[in-house]
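Chain by chain, the residues:
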Amino acid sequence: MGKGFFISKVVAVVCVVVAISAVATIIALSVVYAQEKSKNQETPATATTGTTAGPGTQTTTPSTPKEPWQHYRLPDSLSPISYNVTLWPRLTPNPDGLYIFSGYSTVLFTCVNETDLILIHSNKLNFTMFDGYHAQLKAVDGASAPQLKKSWLEVPTQYLVIQLSSPMQAGSTYELFTEFVGELADDLGGFYRSEYYEDGVILATTQMQPTDARKAFPCFDEPAMKAVFHMTLIHPHGTVALSNSMNYEPINITTPDGLNLIQTSFGPTEIMSTYLLAFVVCDFGFIQSDLGLFSLFQIRIWARRKAIDEGQGAYALEKTGPILSFFEKYYKIPYPLKKSDQIALPDFSAGAMENWGLITYRETALLYNPAVSSNGDKEWVATVISHELAHMWFGNLVTTRWWNDLWLNEGFATYVSYLGANYTEPDWNMSDLIVLNEIIGVMAVDALASSHPLSSKEADVMRPEDINALFDSITYSKGAAVLRMLSSFITEEVFSNGLSMYLEEFKYKNTVYQDLWKNLQTAVDNAGIQLPHSVEVIMNRWILQMGFPVVTIDTSTGKISQKHFLLNPDSVVDVPSEFNYEWFVPITWIKTGAAKDQYWLLTKEATNPDMTIGASEWLIANIDMKGFYRVNYDSENWDRILTKLSEAMLFDFILFLAVLAKIVSTTLALSTTRFLNAELEYMPWQTATRNLDYFVLMFDRSEVYGPMQGYINKKVTPLFKHFKDLTANWTKIPEKHTDQYNQVNALSWGCSTGVEGCKELTTAWFKEWMDNPDNNKISPNLRTTVYCSAIAEGGVVEWDFAWGMYRNATIASEAEKLLYALSCTKQPWLLNRYLEYCLVPEMIRKQDATFTINYIAGNPIGQPLAWDFIRANWDHIFNNYGGGSMSFGRLINGVTKRFSSEFEYKQLLQFKEDNINQLGSAASSLEQALERTKANMDWLALNKKLVFDWFTNEISGTV
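The name given to the chain in an unreviewed UniProt entry is Aminopeptidase, with the source organism recorded as Astatotilapia calliptera. In its Subunit (unreviewed entry) section, UniProt records this for the chain: "Homodimer." Per UniProt, the chain has the following entry under Subcellular location (unreviewed entry): "Cell membrane".

Colleague: Explain the packing of helix 19 (residues 758-771) against helix 21 (residues 796-808) to me, using residue names and the numbers behind them.
Modeller: In the contact formed by helix 19 and helix 21, the axes pass within 11 Å of each other and the chain directions differ by 60°. If you check the angle between helix 19 and helix 21, you find them oblique. Viewed along their axes, helix 19 and helix 21 form a crossing whose handedness is left-handed. Side by side, helix 19 and helix 21 meet where Phe-766, Trp-769 and Met-770 of the first sit next to Val-797, Glu-798, Phe-801, Ala-802 and Met-805 of the second. Across the contact of helix 19 with helix 21, the residue classes tally to seven nonpolar, no polar and one charged.

Colleague: Account for the UniProt feature "site: Transition state stabilizer" (unreviewed entry) in the chain, naming residues and giving values.
Modeller: As annotated in UniProt, the feature "site: Transition state stabilizer" (unreviewed entry) corresponds to Tyr-476 in the numbering used here. As for its position among the elements, Tyr-476 is in helix 10 (residues 473-490). Accessibility expressed as a relative area gives 3% for Tyr-476, which makes it buried.

Colleague: Residue-level account of the pattern of salt bridges, with values.
Modeller: Summed over the entire model, instances satisfying the criterion amount to 35 salt bridges. Among the salt bridges present, the one from Glu-505 reaches Lys-518, with a minimum N-O distance of 3.7 Å. Here Glu-505 is found in helix 11 (residues 492-506), whereas its partner Lys-518 is found in helix 12 (residues 513-527), with 13 residues between them in sequence. The exposure class assigned to Lys-518 is partly exposed, which follows from its relative accessible area of 44%. Among the salt bridges present, the one from Arg-701 reaches Glu-904, with a minimum N-O distance of 3.2 Å. In this pair, Arg-701 is assigned in the loop between helix 16 (682-699) and helix 17 (705-726) and Glu-904 in helix 27 (residues 902-914), connecting sequence segments 203 residues apart.

Colleague: Tell me about the sheet that holds strand 21 (residues 358-362), residues and numbers included.
Modeller: Read from one edge of the open sheet, five strands run 17-18-19-21-20, paired in mixed fashion. Each having just a single partner strand, strand 17 (285-288) and strand 20 (352-353) make up the two edges of the open sheet. Sheet strands in contact with helix 4 (residues 314-331) are strand 17, strand 18 (298-303) and strand 19 (339-345), and its direction is about 150° off that of strand 18. Of the strands in this sheet, strand 19, strand 20 and strand 21 touch helix 6 (residues 375-391), which is tilted by about 150° from strand 21.

What counts and what doesn't
- Residues numbered from 1 in each chain as written.
- Predicted model: local features only at pLDDT ≥ 70, side-chain atom pairs only at ≥ 80, totals over all residues.
- Heavy atoms only, no water.
- UniProt positions renumbered as here; feature names shortened; annotations may be inferred.
- Axes fitted to C-alpha atoms, helices over the stretch in contact; angles between N-to-C directions.
- Helix = DSSP H or I, 4+ residues; strand = E, 2+ residues; numbered from the N terminus.
- Parallel < 35°, antiparallel > 145°, perpendicular 65-115°, else oblique.
- Left-handed = near helix turned anticlockwise from the far one by under 90°.
- Contact = heavy atoms within 4.5 Å.
- Nonpolar A, V, L, I, M, F, W, Y, C, P; charged D, E, K, R; others polar.
- Buried < 20%, exposed > 50% of the residue type's maximum accessible area, 1.4 Å probe, protein only.
- Salt bridge = Lys/Arg side-chain N within 4 Å of Asp/Glu carboxyl O.
- Pairing = 2+ DSSP bridges.

Here it is as structure tokens:
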């Protein structure tokens, strides 16, 4: 059909009513979380070695640092070459009841600039003293090393400080030896312990990113301080040791006190950053790839032996090879290592961590059991594996210089994870799902005046808590969105070519984001692509200022304008921008079904005569939502879009994004949902669900809730009946991936709005399971919804049964479903008991505490209970659940998302005042919560009566 254009489901979703932008997602925001890690045979010192913090230990750092050790950044005087590290984790407690590890380390480094000071990171380590000093220094190649003058631990900045009696010489090489003991704590950071309860087995593992390698051994713990690592682990018989590189043959050793142990040493790693180091001591089993297929490197999946025996690692093994092959072609560079180990850990704070050669995962992100896991679980495994494998080149082979450019690392991996998953599962339409999973949600966050740019100045990201705060949805999801936009307007092929040049030029080195722009510009020039400005000039406006524009197109005049999109137009943006919050906007568009040439909006206002339309024409911009911006139109074009799509039976969307009434009226957005009763596809229903969830949050405690539920009931009843028929009365699984998802929407909305027969169905299924706990016949895809509905309708008997099944669950994805469903009860005392469990690691793992509290807060009965609980226990939470085990920012966002009153706003302000010195990484999230609460208040003041009247009229049949 030439240049004709059919509106696909995606186009309809992302182009049309995506343009009816966002207070709904706005405040229903999902902050990711997304929410994406020596061959010396002597035995390390035991825990009884004498240790001390040494003289001169500092406890505070002045606001204006005067001494080098009061700065959070290392000086540039020393550069590491290699480490030889030997560690011995104790997998049983010592007489004091503590789990500890001991070790020693030798770091070889070059003196770049003459200095009489050694600063090396160390955190929570106790050192053996040598003649009163924390370390021993010697020169290499026969030179003499300066004498140590003084040493101490600078606690606030996490340094071991060594002052020398004379300076080290520039160009000379030295060795620093330390011997130390640390706690093998359960804090999920550094070198820590994990336990799986069915066997009571302890394992030792690591999570170094971003600043916890220093908890395992003294090191220059910054991304640019790359080095080679020689690791040795001492461990009990019956366990195996893993690290980034291939191991040598383990040997048996005997300690001075007669213990028989195994010593496993590993080959030297590639030159890499400390945060990518990993090591594990466990009794796990593994499965591996056929080396005939991937003969250049070995692929192994490690997990609890029971999980391996049950085949839970098979899917990950099946997909890892093809995804690696995809990225080899995409980057045009072979996989850099000899092996790819991936290990599923019972306790892990993040989803996964891209340690080079030894990727660590939560069990839910690596293991899949088709008899128990849902299609969503399967998609999560494929996407997370793809994300982590993407890092093997982008992030590991080439690493950004400092954490202020974390967005480039994580945003890129998030974007291409969908490409890798789409390659290995082509029937899933992952290129469509990125819009739902990443882009729409993060726009809600970035539309806040308290958002932040993708890239910050290095000087603004210094402390560990500053770095941790960057692991948010802006970094991951907006980073992915703007790189996807860039790839779109220069083409994916050119994007891939530029990446290949970038990786080849900087392999084993560090970069800043400008290095990527430079290589992409070369690829653009080689391809002869014409852009209005250079890649750097265009992209700087998207990464160096927060937010995004709403582009308004007046189809009667062809006038186009842009404005910084804010949830609340009255918000004060007090962060200046050198670009005055204007962007260079690539506008893709169609006119009455025909694709038009891309147009660049380069000024605040412009006119494009081609964008005027006749009486029977219509126009849609931002095709497939490839651009990171919203679109608004004149009212006539809005009417034509909706009318045309309805008449042409092309209404494959209902993206329910209700914007502040000053841009698009809420009732206009609501009117689009009238077509939902005729809609059977997943994309429109899921986008509607995302935004209807916001209305539920705002109104489930008010008189609006009744008519709103009645209206949704009318819309979802046909969908419920459709899936009842499609699945032969719920006995079969739909064939299409997206139909399996939409079946969940039908059941979830059906039961929550009282569709006839829904609650009876779910409670009967659950009762059947209770009667025969060893035979759960509930479809894995439906279990989360069924469990939640049945527990909500039941009482303590149902709750206690589900709790018992959670405690006995040996499959992580099943445990996760139960963990959520337990929050659905309507009994306040059960919810309060559940909250108390969250701070008992033996009841709920530390890695799950944040999620569980947020699940409870998602329940309208549980929300005030969770808020009271957080405030009452903040000291304990902050001091005992830091270090990676709890995301404070995610916690604040989750518990406050329903806030919409002046009273709640004042409570938030009081919480801020009471805890101003112990907010950590939650500081920015608290500011966002305050702004969102204000936006909710303003939106309700404008819309509550309108929405009540609209729903009331709809269910009564009046107009």
